[in-house]
Amino acid sequence: MKKYFIVPFLLWGMTSFAQQKIENLDFETSENNSPALWKLMGNNSAKVFSDFNEKQQGKASAVIESEGTEGFRAIMYTLPNNYAGRKITLSGYLKTENVTDGFAGLWMRIDPEVAFNNMQNVGLKGTNDWKKYEVTLNMSPENTQQIVIGALLSGKGKIWVDDLKVSIDGKDIENAKIFEKKLTKVELDKEFDKGSTISNINLGQNNIENLKKLGLIWGYLKYYHPNVAEGNYNWDYELFRIYKKTENASAEQRDQILTDWIKGLGKFQTAKNSEPKNVKIKPDLDWITSSGFSKELTELLLQLKDAKRPKVNYYVDFFPNVENPDFRHENPYREMKYPDEGFRLLSLYRYWNMIQYYFPYKNLIEEDWKGVLKEFIPKFINAKDETEYNLASLELIGRIHDTHANIWGNSKSLEKYFGEKYSPVKLTFAENKPVVEGFYDENLGTQTGLKKGDVITEINGENMDNIIKNMLKYLPASNYPTQLRDISRKLLRSNAETINLTILRDGKTEEKTIKTYAYSDIKIKKEPKEFFKMLDGNIAYVYMGSVNADLLPEVFEKIKNTKGLVIDFRSYPSDFVVFKMGKLLKPESSDFVKFTNTSNSQPGLFTFTPSLKTQGTGKKSYQGKIAILINETTQSSAEYHTMAFRTAPNAKVFGSTTAGADGNVSDIKLPGNISTMISGIGIYYPDGKETQRIGIVPDVEVKPTIDGIKNNKDEVLEKATKWINN
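Residues numbered from 1 in each chain as written. Predicted model: local features only at pLDDT ≥ 70, side-chain atom pairs only at ≥ 80, totals over all residues. Heavy atoms only, no water.

What follows is about the overall build of the protein chain. Broken down by element type, the protein chain carries 19 helices and 34 strands. For the protein chain, the spread of C-alpha atoms along the three principal axes comes to 80 × 60 × 60 Å. The long-range fraction of contacts in the protein chain, counting pairs at least 24 apart against all pairs at least 6 apart in sequence, stands at 77%. In the structure as shown, the protein chain presents an accessible area of about 29500 Å², 46% of it carried by carbon and sulfur atoms. Side chains of the protein chain carry 98 positive and 94 negative charges; the gap between the two charge centres is 3 Å. (Helix = DSSP H or I, 4+ residues; strand = E, 2+ residues; numbered from the N terminus. Contact = heavy atoms within 4.5 Å. Areas by Shrake-Rupley, 256 points an atom, 1.4 Å probe, with all protein chains shown as cover. Lys, Arg positive; Asp, Glu negative; His and termini not counted. Charge placed at Lys NZ, Arg CZ, Asp CG, Glu CD.)

Turning to helix α9 (residues 369-382), a few remarks are in order. Its 14 residues give α9 an end-to-end C-alpha distance of 21 Å, which sits within 8% of 20 Å, the value for a rise of 1.5 Å per residue. Residue Phe376 marks the point of greatest curvature in α9, where the axis turns by about 30 degrees; the proline Pro378 follows within four residues. The set of residues buried in α9 consists of Trp369, Lys370, Val372, Leu373, Phe376, Ile377, Phe380 and Ile381. Next to the buried residues of α9 lie α2 (205-224), α6 (287-290), α8 (341-358) and α10 (386-398). (Expected span 1.5 Å × (residues − 1). Bend = angle between axes of the 7 residues up to and from the residue. Buried < 20%, exposed > 50% of the residue type's maximum accessible area, 1.4 Å probe, protein only.)

All right, on to the pattern of salt bridges then. The final tally for this structure, using the stated rule, is 40 salt bridges. Between Glu209 and Lys374 there is a salt bridge, and its shortest N-O distance comes to 3.0 Å. Pair noted here: Glu209 is in helix α2 and Lys374 is in helix α9, with a separation of 165 residues, a long-range link. Residue classification places Lys374 among the partly exposed positions, given a relative accessible area of 28%. In this structure, Asp506 and Lys710 form a salt bridge, with 2.2 Å as the shortest nitrogen-oxygen distance. A residue pair is termed long-range when its members are at least 10 positions apart, and Asp506 in the loop between β21 (498-505) and β22 (508-515) and Lys710 in helix α18 (residues 706-710) qualify at 204 residues. (Salt bridge = Lys/Arg side-chain N within 4 Å of Asp/Glu carboxyl O.)

We now examine the pairing of strand β18 (residues 455-459). Here β18 runs beside β21; their pairing, made up of 4 bridges, is antiparallel. Directly across from Ile456, in β21, lies its bridge partner Ile503. Relative to strand β19 (residues 462-463), β18 runs antiparallel, the two being bridged by 2 bridges. What sits directly across from Ile459, in β19, is Glu462. Connecting β18 to the next strand, β19, in antiparallel fashion are 2 residues, including Asn460 with a positive phi near 50 degrees. (Pairing = 2+ DSSP bridges.)

Attention now moves to the domain arrangement of the protein chain. Examined at the domain level, the protein chain breaks down into domain 1 (30-175), domain 2 (205-402), domain 3 (421-517) and domain 4 (532-725). The partner domain 4 presents 10 residues to the 8 residues of domain 1 that form the contact. Counting the surface lost from both domain 1 and domain 4, the interface buries some 720 Å², and carbon and sulfur atoms represent 38% of this. Where domain 1 packs against domain 4, one counts 3 residue pairs in polar contact (both at pLDDT 80 or more). A class-by-class count of the residues in the side of domain 1 that touches domain 4 yields no nonpolar, 4 polar and 4 charged. (Domains from an automatic or database assignment. Buried area = accessible area lost by both parts, 1.4 Å probe. Polar contact = N/O pair within 3.5 Å; in protein donor to acceptor, adjacent residues only side chain to side chain. Nonpolar A, V, L, I, M, F, W, Y, C, P; charged D, E, K, R; others polar.)

For soluble globular proteins, the rule of thumb is that nonpolar side chains tend to be buried together. Of all hydrophobic cores here, the largest spans 121 residues; its most connected members are Trp261, Trp287, Met544, Ile567 and Phe645. Filtering out sequence-adjacent residues up to four positions away, Ile567 remains in contact with Val542, Met544, Met581, Leu585, Ile626, Ala627, Ile628, Leu629 and Phe645. Formed by 39 residues, the second largest nonpolar core is a distinct cluster that contains Phe27, Val48, Ile75 and Val99. (Core = buried A, V, L, I, M, F, W, Y, C linked by side-chain atoms within 4.5 Å.)

Relative orientation of the contacting elements α2 and α8 amounts to 55 degrees, with a least axis distance of 9 Å. Comparing their axes, α8 and α2 come out oblique. The chirality of how α2 crosses α8 is right-handed. Packed against α2, whose contacting residues are Leu211, Lys212, Leu214, Gly215, Leu216, Trp218, Gly219, Tyr220, Lys222, Tyr223 and Tyr224, the element α8 presents Leu345, Leu346, Tyr349, Arg350, Trp352, Asn353, Met354, Tyr357 and Tyr358 at the interface. (Axes fitted to C-alpha atoms, helices over the stretch in contact; angles between N-to-C directions. Parallel < 35°, antiparallel > 145°, perpendicular 65-115°, else oblique. Left-handed = near helix turned anticlockwise from the far one by under 90°.)

The feature "domain: Tail specific protease" (unreviewed entry), as given by UniProt, occupies residues 496-703 in the numbering adopted here. This span, residues 496-703, is 11% helix and 35% strand, and a straight line between its end C-alpha atoms measures 34 Å. (UniProt positions renumbered as here; feature names shortened; annotations may be inferred.)

For the rest of this paragraph, the subject is the sheet that holds strand β25 (residues 564-568). Reading across the sheet, the 6 strands line up as β23-β24-β25-β29-β30-β34 and stay open at both edges, with mixed pairing between neighbours. Both edges of this open sheet fall to β23 (532-535) and β34 (700-701), since each of them pairs with a single strand only. By the bridge criterion, 5 bridges tie strand β29 (residues 625-630) to strand β30 (residues 651-655) in an arrangement that is parallel. Its bridge partner lying in β30, Ile626 is registered against Ala651. Each of β23, β24 (539-543) and β25 is contacted by helix α15 (residues 552-559), which is oriented at about 10 degrees to β23, the strand it contacts most. Sheet strands in contact with helix α19 (residues 715-725) are β23, β24, β25, β29, β30 and β34, and its direction is about 170 degrees off that of β29.

Considering the arrangement of structural elements, one finds Arg109 in strand β7 (residues 87-111). A polar contact is formed between the side chain of Arg109 and the side chain of Asp111, at a distance of 2.7 Å.

Peptide bonds are, in most cases, trans, and in most cases residues other than glycine have a negative phi. Residue Asp101 is not a glycine yet carries a positive backbone phi of 60 degrees. As for its placement among the helices and strands, Asp101 is situated in strand β7. Using a relative accessible area of 2% as the deciding quantity, one classes Asp101 as buried. Positive phi, close to 65 degrees, is recorded for Thr197, a residue that is not glycine.

Listing the buried residues of helix α7 (residues 295-305) in full gives Leu297, Thr298, Leu300, Leu301 and Leu304. Buried residues along α7 cover an arc of 165 degrees about the axis, so they all sit on one side. Packing partners of the buried residues in α7 comprise α2, α3 (226-229), α5 (251-264) and α6. (Arc of directions from axis to C-beta.)

This next bit is on the confidence of the model for the protein chain. It should be kept in mind that the predicted coordinates are not to be read in detail where pLDDT is low. Scored by pLDDT, the protein chain comes out at a mean of 93, with 96% of its residues at no less than 70. Ignoring residues within four places in sequence, the model shows residues 1-19, a span with pLDDT below 50, making 91 contacts including any to other chains. (pLDDT = per-residue confidence, 0-100.)

This brings us to the environment of Ala540. Residue position: Ala540 is located in strand β24. Judged by its relative accessible area of 0%, Ala540 is buried. Ala540 sits 181 residues away from Thr721 along the chain, and the two C-alpha atoms are 9.9 Å apart. Once you skip the residues sitting within four places of it in the chain, Ala540 turns out to touch Phe532, Lys533, Met534, Ile559, Thr562, Gly564, Leu565 and Val566.

All chains considered together, the criterion is met by 5 cavities of 30 Å³ or more. Of the voids in this model, the largest cavity is the one considered here, and its volume is about 110 Å³. Around the largest cavity, the lining residues are Asn207, Asn210, Leu211, Lys213, Leu214, Tyr243, Thr246, Glu247, Ala249, Ser250, Arg254 and Leu258. Mapped by element, the contributors of at least two residues to the lining of the largest cavity are α2, α4 (235-246) and α5. A total of 5 residues in the lining of the largest cavity trace back to one element, the largest contributor, which is α2. Considered class by class, the residues forming the lining of the largest cavity number 5 nonpolar, 4 polar and 3 charged. (1 Å grid on protein atoms, 1.4 Å probe; cavity = no way out; pocket = protein on both sides within 12 Å on 5 of 7 lines; lining within 4 Å. Points joined across faces, edges and corners; volume = space filled by probe spheres on them.)

Dropping the structure here:
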């Protein structure tokens, strides 16, 4: 949710510091028309490229350009060392063009949770010429794992970045002293740094069942055994060792090997856990007694249920105040574009067990998660190249049905799979059909011969229903409308120069051939939206994609006598105003949400917190009708805001089901530097009613129609204003 906008900037993985040179902070070096050595992160579709025409100095600058309003896009550079000092400063030049629905800025973070600044308080928006900016953080070298710098664009618009410099205590970082940190036991274990040495894994049914059981036990020990939790073992490498020992063992031999392995991890104390209260999800540990293990192994595993565990597990901690999991010490193995069989098995086990014990919506997966583990063992092992490995990972991620989950940042193989070239046509789904909504580039769009309201029925001779069916498993989302939202952005991507379309226009079928372009060649039109305006009939309208908390008192003074207020959440809020704006909408305080989370004392046990309230302002609160607009682009923070605002006594929600993904996100890294996320805490109505997957259910359902799109109608807004006027 927006309040914790820093959450997506989590650890890029453990860094082993050594003297290395810092390069390309001036963006002079480019690879494939992108700044060399810089990585991408974020959850929108913005393009990042080098600009050789517009720059502050030298021959090039870096550009982030986005036409979307959801989420953010950032470039990032991990400094190669940890440094001794008190303050670190990142400075650089920024230029912006039509930045709306968010902000632009430099950002810097010292991990884990040491310090962070992304210039959100500056609120850099709109169009601005080159200007120097800087952010400064207090350092804590002894607690630092890595320092990451970069620039970001939240919302839409364009930002240029150039001539970045980093200094420590006023001195250039090249002259700074490196801080030497003692390596942990996990970091000192380097036996498999060059590879797992595992290959030719037997995928017969009996062995797949054995591999499933190994994955269950390995993950259980990772989170339940106190000595593993203390960080006494490199648990990734322990997997490779125990696999080798059990590889060709009989069931009896395997159980004895596993028993000896667990005993070898050291003794532990036990204490009976008290009966939990307000339980939402209980740990899924029945497999311990139903898997057919030997009596000795079963009893040993059962003892671990009551082991005294440290509050902080080396492999997972929790963010302060929010309590969503922080998987800070998971090694992403960045150098492995295509991990070997052992590391691919590790990737599956790692992700599966994170979901097993730390995903607050595991109960909504709606299938036996243990069955998913068994199903994906051959998919991960048989993945013959980087693309197949990434697709297997993406398909697995999709099975948790969380719109916050996807693969971001580094997967060029997935970019090629979905198509590296783009159409200028903007699609949406209306009446369950892909419909031309407009054009990202009006000039190129006109050349396609397509018009608003055209329905796409075939692409390159393939029926649309088949295309959608085949794409669904690679589009993680909480519900079907949100999958269609994401499909609309991929349908007209290709690696070919042209795409052949069959369309339906005014009841007649037509054939069209449209060109595709490099993303940087599409000149995306800018449509900046102001936060506040008046509609006809004494109705106020606020667009939450441009909300600014500082403007709220002024705006509400202007609208206090209006007949009604439309609050448009069909975008991502540019500011977190749940409480500041929420209290202006109603006279009295009221509960609007409660949460669930787990802990390392009993991983997988999720319990409810007390409900949270939004305050009211008595007779000074807004008195008119309040219409809240939502659709499938209403996600996360927008859903959270809607939950709070709809508690106003004169509020009604119009539109269609939202994205169904709420709760502060937790970052996950998998071998091969795959970056994904999960919703990290459970979000519920005060009565415990679900929001995940279901989304915000409108009071009045209104969906765009093909005819409405063709005739430039906003049918949701029309329905809302009609209600206000009546």
